[in-house]
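Understanding the architecture of this molecule
In case you want the letters, here they are:
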Amino acid sequence: MLLYQAWLNWRLQRALSGLMPGAFNEQVGDGVIALGGMLVLASGAALAALSGWAVAAFLAGWTIQALYLLSNDRVARIAEPAALTGRRRSVHAFAGYTAVTALVLHLPMLGVLG
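Structure report, in brief.

So, how was this worked out
Residues numbered from 1 in each chain as written. Predicted model: local features only at pLDDT ≥ 70, side-chain atom pairs only at ≥ 80, totals over all residues. Heavy atoms only, no water. Helix = DSSP H or I, 4+ residues; strand = E, 2+ residues; numbered from the N terminus. Buried < 20%, exposed > 50% of the residue type's maximum accessible area, 1.4 Å probe, protein only. Contact = heavy atoms within 4.5 Å. Areas by Shrake-Rupley, 256 points an atom, 1.4 Å probe, with all protein chains shown as cover. Phe/Tyr/Trp six-rings, centres within 6.5 Å; stacked < 30°, edge-to-face > 60°. Polar contact = N/O pair within 3.5 Å; in protein donor to acceptor, adjacent residues only side chain to side chain. Core = buried A, V, L, I, M, F, W, Y, C linked by side-chain atoms within 4.5 Å. Expected span 1.5 Å × (residues − 1). Axes fitted to C-alpha atoms, helices over the stretch in contact; angles between N-to-C directions. Parallel < 35°, antiparallel > 145°, perpendicular 65-115°, else oblique. Left-handed = near helix turned anticlockwise from the far one by under 90°. Nonpolar A, V, L, I, M, F, W, Y, C, P; charged D, E, K, R; others polar.

It is worth spelling out the overall build of the chain at this point. Helix and strand counts for the chain stand at five helices and zero strands. Listing every helix and strand of the chain by position from the N terminus yields α-α-α-α-α. Counting every position in the chain, which comprises 114 residues, the buried fraction comes to 22%. Nonlocal contacts in the chain, meaning residues at least 24 apart in sequence, comprise 66% of its contacts between residues at least 6 apart. For the chain, the exposed surface amounts to about 7,900 Å²; the carbon and sulfur share of it is 70%.

As structure tokens, then:
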């Protein structure tokens, strides 16, 4: 779903670029969101295949998400309830991904990942 939203946002921005130029920060943010979505997809696929690459994919996905949440402080300055709700959901999703990443880091020691 995240990748689909990123793709739709990119298409919409390209269509509207002739009318009003988009901010560079927003374009970078959209790229980071798309990259994070692809890394989450890759990490899930690697884990489903019980591949040793799952550790690297989960660490890369965790790093991208952490950097995005730390650098995206504009939402904290906005008092809109919808923006704050979205931020809260993102932080909760990151907490869940952190827990799964910790579990995946222990799987090679248990001999589960090859």
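If you walk through the whole model with that rule in mind, you get two aromatic pairs. Here F58 and Y97 contribute two aromatic rings whose centre-to-centre distance is 5.3 Å and whose plane-to-plane angle is 20°, an arrangement assigned as stacked. Remark: Y97 occurs in helix α5 (residues 81-110) and F58 occurs in helix α3 (residues 53-71); sequence separation between them is 39 residues. One exposure class covers both F58 and Y97, and it is buried.

Before going further, it helps to examine unusual backbone geometry. The phi dihedral of L50 falls on the positive side, at around 55°, and the residue is not glycine. Relative to the helices and strands, L50 resides in the loop between α2 (24-48) and α3.

Now for the environment of S71. Tracing the backbone through its elements, the reader meets S71 in helix α3. Classification of S71 as exposed rests on a relative accessible area of 54%. Considered as a pair, S71 and G29 are 42 residues apart in the sequence and their alpha carbons are 9.8 Å apart. Within polar-contact distance, the side chain of S71 engages the backbone oxygen of Y68 at 3.3 Å.

Looking now at the side chain of Q65. Positionally, Q65 belongs in helix α3. A relative accessible area of 18% places Q65 in the buried class. When neighbours within four sequence positions are excluded, Q65 is seen to be in contact with V40, F94 and Y97.

A46, A54, V55, F58, Y97, V104, L107 and L113 together form the largest nonpolar core, which totals eight residues. At the level of secondary structure, the elements contributing two or more residues to this core comprise α3 and α5.

Between its terminal C-alpha atoms α5 stretches 44 Å, which fits the 44 Å expected from 30 residues at 1.5 Å a residue. Regarding α5, the residues found buried are F94, Y97, T101, V104 and L107.

Moving on: the packing of α3 against α5. Contact geometry of α3 with α5 gives a least axis separation of 10 Å together with a crossing angle of 155°. Between α3 and α5, the angle falls in the class roughly antiparallel. The crossing of α3 and α5 is left-handed. For the pair formed by α3 and α5, the contact residues are A54, V55, A57, F58, L59, G61, W62, Q65, A66 and L69 on the first element and R87, S90, V91, F94, Y97, T98, V100, T101, V104, L105 and P108 on the second. Its residues assigned to classes, the contact of α3 with α5 shows 15 nonpolar, five polar and one charged.

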